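Observations on the model geometry
Residue strings, one per chain:
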Amino acid sequence: MALRIGDEAPNFKAETTKGPIDFHQWIGNGWAVLFSHPKDFTPVCTTELGAMAKLKPEFDKRNTKVVGLSVDPVTDHSRWQQDIEETQGAKVDYPLIGDADLKISKLYDMLPAEATPGKRTAADNQTVRTVFVIGPDKKVKLILYYPMTTGRNFDEVLRVLDSMQLTAKHKVATPANWKQGQDVIIAGSVSDEDAKKQYPSGWKAPRPYLRIVPQPK
C-alpha cells in the first residue's frame, strides 16, 4: 500500500553510521527528516549529503533530527562520508542508514515488494530519492520525490518545515512562496466569529474566503 501524508511513518530498526536505531524511539518528541539515496558514491547524492551537513544546525534549531538512507551497507557509508567531507567541505555528523537488504526502501514504498538485493545499479534504485518529513506524532507530514539528475533543495525543506510547525500551533495556512515572518492566511476551518477573537484588529480580505493576517508570534 502506498504511503501517504497523514499515515503513520512505518517504524523500523536499522544499523547506521551512528550505531543501531529504533526509528520512532530515535525521533522522540521532535520532528524528523528522512531522505534517501539510490546508491553510495553517486555524484548528485554526494552534493546533497554535503548540503544537508551544512544546513543541519538550522534543522537543530527547529527541533528536527536528520537521517539519511542509502541502498548500500553502513561500511560503504563510512567510506563515502570521507569523500563527502573532502569534496563538499562539510562533515556528515548525522546518521546514515544502511539498507542493502532493501527492507526500509520497500517499507516506505520506494521500491516494489518484488525487488531483490544484490548487484543493483543506481538506475535500478532511482525511486529511492525521496524526502519524508515526520512529525512528533510519528505521522508523515510531507513526501517529496526527486529524479536522479536533479539535486534536492533543502532550503525548501526548511521553508516547508517552518510552515508546518507554525500551522501545527496556530489555525493558519501559508500562501504560495511564503517565508518566515510573512503574512499568513486564517484557516478555512475558523469562522469569522472565532477569528475576531483571535485577531481583534481584523484582517485583510480581498475575498471572504481569503483572510490575511500577520504571522502569529
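Above this text sits the structure in question.
What comes next concerns the included structure. (Residues numbered from 1 in each chain as written. Predicted model: local features only at pLDDT ≥ 70, side-chain atom pairs only at ≥ 80, totals over all residues. Heavy atoms only, no water.)

**With respect to the environment of T174**
Quick note on the threshold: Under the scheme used here, helices are H or I runs from DSSP no shorter than 4 residues and strands are E runs no shorter than 2 residues, and both carry numbers assigned from the N terminus. Only protein chains enter the accessibility calculation, which uses a 1.4 Å probe. A residue is then buried if its area is under 20% of the maximum for its type, exposed if over 50%, and partly exposed in between. Here, residues are in contact when the closest pair of their heavy atoms is within 4.5 Å.
As for its position among the elements, T174 is in the loop between β8 (172-173) and β9 (184-186). Given the relative accessible area of 22%, T174 is considered partly exposed. Sequence separation of T174 and V160 is 14 residues, and the distance between their C-alpha atoms is 9.5 Å. Residues in contact with T174, not counting those within four places in the same chain, are S163, L166, T167 and V184.

**Notes on the environment of I27**
By secondary structure assignment, the location of I27 is in helix α1 (residues 23-27). Taking the C-alpha atoms as reference points, I27 and G135, separated by 108 residues in sequence, lie 8.7 Å from one another.

**Observations regarding the pairing of strand β10 (residues 204-207)**
So the rule is basically this: Following DSSP output, two strands are said to pair if at least two bridges run between them.
By the bridge criterion, 2 bridges tie β10 to strand β11 (residues 210-213) in an arrangement that is antiparallel. The partner of K204 across the bridge, within β11, is I212. Connecting β10 to the next strand, β11, in antiparallel fashion are 2 residues.

**Focus on the sheet that holds strand β3 (residues 31-37)**
Strand pairing in a sheet is mediated by backbone hydrogen bonds. Such pairs are either parallel or antiparallel. Where we set the bar: For helices, the axis comes from a line fit to the C-alpha atoms of the stretch in contact; other axes are also lines fit to C-alpha atoms, and the angle between any two N-to-C directions lies between 0 and 180 degrees.
Here we have 5 strands laid out as an open sheet, ordered β5-β4-β3-β6-β7, and mixed in their pairing. In this open sheet, the two strands that pair with only one neighbour each are β5 (96-98) and β7 (140-145). Within the sheet, the average angular offset between the axes of one strand and its neighbour, ignoring direction, is 20°. As paired strands, strand β6 (residues 130-134) and β7 are joined by 5 bridges and run antiparallel to one another. Residue pairing for β7: V131 is matched across the bridge by L144. Running over the sheet, helix α2 (residues 43-61) touches β3, β4 (64-70) and β5 and is turned about 175° from β3. Against the sheet, helix α3 (residues 74-88) makes contact with β4 and β5, and its axis sits at roughly 145° relative to β5, the strand it touches most.

**As for the side chain of D76**
Defined as follows: We define a polar contact as two N or O atoms separated by no more than 3.5 Å, with the added condition that, inside protein, one atom must be a possible hydrogen donor and the other a possible acceptor, whereas residues neighbouring each other in sequence contribute only through side-chain atom pairs.
Residue placement: D76 occurs in helix α3. A polar atom in the side chain of D76 sits 3.1 Å from the side chain of R79. Sequence-distant contacts of D76, that is, excluding residues within four places in its chain, are made with D40 and F41.

**Some thoughts on the packing of aromatic side chains**
Definition in use: Each aromatic pair joins two rings of Phe, Tyr and Trp (for Trp, the six-membered one) with centres within 6.5 Å, and gets the label stacked for planes under 30 degrees apart, edge-to-face for over 60, and tilted for any other angle.
For the coordinates displayed, the defined rule picks out 7 aromatic pairs. Taking the centre distance of 6.1 Å and the plane angle of 15° together, the rings of F23 and W26 count as stacked. In this pair, F23 and W26 both sit in helix α1, 3 residues apart, roughly one turn of the helix. You'll find F23 and W26 in the same group, each marked buried. On the numbers, 6.0 Å between centres and 55° between planes, the contact of F35 with Y94 is tilted. Of the two residues, F35 sits in strand β3 while Y94 sits in the loop between α3 and β5, which places them 59 residues apart along the sequence. Judged by relative accessible area, which is 0%, F35 ranks as buried. Assessed through its relative accessible area of 0%, Y94 is described here as buried.

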